[in-house]
Amino acid sequence: MCGPTVYDYVHLGHARTYIAFDIIVRYLRFCGYTVNYVMNLTDVADRIVERAEELRKAPLELASEYEKAFFEDMQALDIDCVDRYERASDYIPQIVDQISGLIAKGVAYETNTGVYFEVKKYPKFGQLSGLSREELGLRRLELCSSKKNPEDFSLWRKHEKGFGWDSPWGFGRPGWHVEDTAISMSNFGDTYDLHGGASELMFPHHEAEIAQAEMLSGKAPFVRFWLHTGLLSIGGRKMSKSLGNVIRIRDSLKEYSAHELRYFFGSFHYREPVRISDAGLEHARKALESFSKNIKAFMETPPKANGRNSEKLENIIRRTEISFRHHMDNDFDTPNALKALTGLSTQLQRFAKSAFRVDEKSKERAETALHTMSNVIGILPD
Ligand SMILES: [Zn+2]
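Residues numbered from 1 in each chain as written. Predicted model: local features only at pLDDT ≥ 70, side-chain atom pairs only at ≥ 80, totals over all residues. Heavy atoms only, no water.

Colleague: What am I meant to see in the overall build of the protein here?
Modeller: Each helix and strand in the protein was counted, giving 13 helices and 12 strands. Viewed in the frame of its principal axes, the protein has a C-alpha envelope of about 85 × 45 × 35 Å. Buried positions account for 52% of the 382 residues belonging to the protein. Taking the intrachain contacts of the protein between residues at least 6 apart in sequence as the baseline, contacts between residues at least 24 apart amount to 76%. Summing over all exposed atoms, the protein offers an accessible surface of approximately 18,000 Å²; the carbon and sulfur share of this is 50%. Counting 51 positive and 54 negative side-chain charges, the protein places the centres of these two groups 5 Å from one another. (Helix = DSSP H or I, 4+ residues; strand = E, 2+ residues; numbered from the N terminus. Buried < 20%, exposed > 50% of the residue type's maximum accessible area, 1.4 Å probe, protein only. Contact = heavy atoms within 4.5 Å. Areas by Shrake-Rupley, 256 points an atom, 1.4 Å probe, with all protein chains shown as cover. Lys, Arg positive; Asp, Glu negative; His and termini not counted. Charge placed at Lys NZ, Arg CZ, Asp CG, Glu CD.)

What follows is the structure, given as structure tokens:
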């Protein structure tokens, strides 16, 4: 999973992506899969160096401050599925190895400004985003006269001094794409199952990752399934620092609980774009309130032996479980899985009425099922 560049506080766009993948991993584990979930942290990047210079700090010191803030925000959102966070700065030897390997294979070249990957040596470039070679060249017109072709991307940037490391190509810093393949291939080998990230990372970042990895290993595919989350917008515009409409996770958590935010994001399919609005968040809050109220009413009703009612309830639970799994199996369709859950809560509230009480075993079974499924989305009321 492509994690954040740690040079500022994370915002709701990050929350949208990391909550979506937290739900996906929770569901895979719910199904019995063993998931080894690694998220990388980009702590080596020009943006970090620039920000650190403004604030007169060391780049890695600034990165570690925002990394700490990021962990706090992830915890506050109940995002607890990640097994390991890996920093780019801890993988410099592996990055240098990968660049050397690409040069040895004849797909990367050194110039007076750095080392570049020669995109035309990898004919499948563009397969993920579906862009043509021409479009790729136009989009990737980096202002650098020393490159052979406009679409070639940077593996190593030479710097005279400042923040960086020594390498066979002189002092400098790695490019972003090779930081991530060094981390993922060191952890998972040449091929692995899932790679996630926001949809704007598909090009050029993920295209570049695939090209590097497959040229290095000689094996394909590098990743079996790519999962991309839809963009987050606010007032019809993308949430971004340059537009000045960024809402930080820690600020939104002053108004909405983690459960409310997870319910809100869960009501969108992960690939769908999300429009943030007060009305939408209020709607999620109300829906979660009635969900919790229904469950509470059911749980507070004492059990009573009644075979017919208990059987009825067990049937409802079974149907809900089937429906929940059916929707989640359909490319993690959380909006419909949530509907199955809220439908169950409405039914449960009916069993809170004195005439419809159920026996202890059925009550426990209902509570366990509800607990397990709600926990996949992470909306379990306290
Ligand atoms: Zn990445």
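Colleague: Just checking my understanding: could you explain the coordination of the zinc ion for this structure?
Modeller: Reference geometry at the metal: tetrahedral coordination by four donors gives ideal angles of 109.5 degrees; octahedral coordination by six donors gives 90 or 180 degrees. Coordination sphere of the zinc ion, protein contribution only: Cys-2 (SG), Asp-180 (OD) and His-205 (NE2), at 1.9 to 2.1 Å. Within one chain, the residues serving as donors to the zinc ion are arranged as C-x177-D-x24-H. Note that Cys-2 is positioned in strand S1 (residues 2-5) and His-205 in helix H7 (residues 202-217), a separation of 203 residues in sequence. Residue classification places Cys-2 among the buried positions, given a relative accessible area of 4%. (Donors = N, O, S within 2.8 Å, 3.2 Å for Na, K, Ca; no water.)

Colleague: Looking at this structure, I do not really get empty space enclosed by the protein. What am I missing?
Modeller: Under the criterion given, the structure shown has three cavities of 30 Å³ or more. Of the pockets and cavities examined, the largest cavity occupies roughly 70 Å³. Arg-16, Ile-19, Ala-20, Ile-23, Ile-24, Phe-265, Gly-266, Phe-268, Tyr-270, Phe-332 and Thr-334 together form the lining of the largest cavity. Mapped onto the lining of the largest cavity, the elements with two or more residues apiece are helix H1 (12-30) and helix H9 (258-266). In terms of residue count, the dominant contributor to the lining of the largest cavity is H1 (five residues). In the lining of the largest cavity, the residues fall into eight nonpolar, two polar and one charged. (1 Å grid on protein atoms, 1.4 Å probe; cavity = no way out; pocket = protein on both sides within 12 Å on 5 of 7 lines; lining within 4 Å. Points joined across faces, edges and corners; volume = space filled by probe spheres on them. Nonpolar A, V, L, I, M, F, W, Y, C, P; charged D, E, K, R; others polar.)

Colleague: Would you mind showing me how to read the sheet that holds strand S12 (residues 274-276) here?
Modeller: Sheet strands pair by backbone hydrogen bonding; their relative direction is either parallel or antiparallel. The strand order S11-S10-S12 describes an open sheet built from three strands, whose pairing is mixed. Two strands in the sheet have a free side with no partner beyond their single neighbour: strand S11 (237-238) and S12. Of the strand pairs in this sheet, strand S10 (residues 232-234) and S11 are connected by two bridges, and their pairing is antiparallel. Each bridged residue has a counterpart across the sheet, and for Ile-234 the counterpart in S11 is Arg-237. (Pairing = 2+ DSSP bridges.)

Colleague: Quick question: what am I supposed to make of the layout of surface pockets here?
Modeller: The gaps of empty space that remain are located by a probe, the size of a water molecule, rolled over the atoms. In this model, the largest pocket occupies a volume close to 1,400 Å³. Surrounding the largest pocket, 48 residues form its lining, Thr-5, Tyr-7, Arg-47, Trp-176 and Leu-201 being those nearest its centre. Among the secondary structure elements, those contributing two or more residues to the lining of the largest pocket are S1, H1, helix H2 (46-54), strand S6 (153-158), strand S7 (172-174), helix H6 (176-188), strand S8 (192-198) and H7. Ranked by residues supplied to the lining of the largest pocket, first place goes to H1 with five residues. Among the residues forming the lining of the largest pocket, the class breakdown is 20 nonpolar, 15 polar and 13 charged. What lines the second largest pocket is a set of 34 residues, among which Leu-28, Val-35, Asp-193, Leu-194 and His-195 lie closest to the centre. Taken together, the elements giving at least two residues each to the lining of the second largest pocket come down to H1, strand S2 (38-42), H6, S8 and strand S9 (223-229). By residue class, the composition of the lining of the second largest pocket is 21 nonpolar, seven polar and six charged.

Colleague: What am I meant to see in the packing of aromatic side chains here?
Modeller: Here the distance between the centres and the angle between the planes together describe a pair of aromatic rings. Per the counting criterion, the structure on display carries 20 aromatic pairs. A centroid spacing of 4.7 Å and a plane angle of 55 degrees characterise the contact between Phe-71 and Tyr-85, whose relative ring orientation is tilted. Highlighted residues: Phe-71 in helix H3 (residues 59-76) and Tyr-85 in strand S3 (residues 84-87), separated in sequence by 14 residues. Aromatic ring contacts, followed pair by pair, group Tyr-27, Phe-30, Tyr-270, Phe-324 and Phe-332 into a single cluster. The ring centre of Tyr-109 lies 4.6 Å from the NZ or CZ of Lys-148, which sits over that ring. The ring of Tyr-270 carries the charged tip of Arg-271 above its face, separated from the ring centre by 5.8 Å. (Phe/Tyr/Trp six-rings, centres within 6.5 Å; stacked < 30°, edge-to-face > 60°. Lys NZ or Arg CZ within 6 Å of the ring centre and 35° of its normal.)

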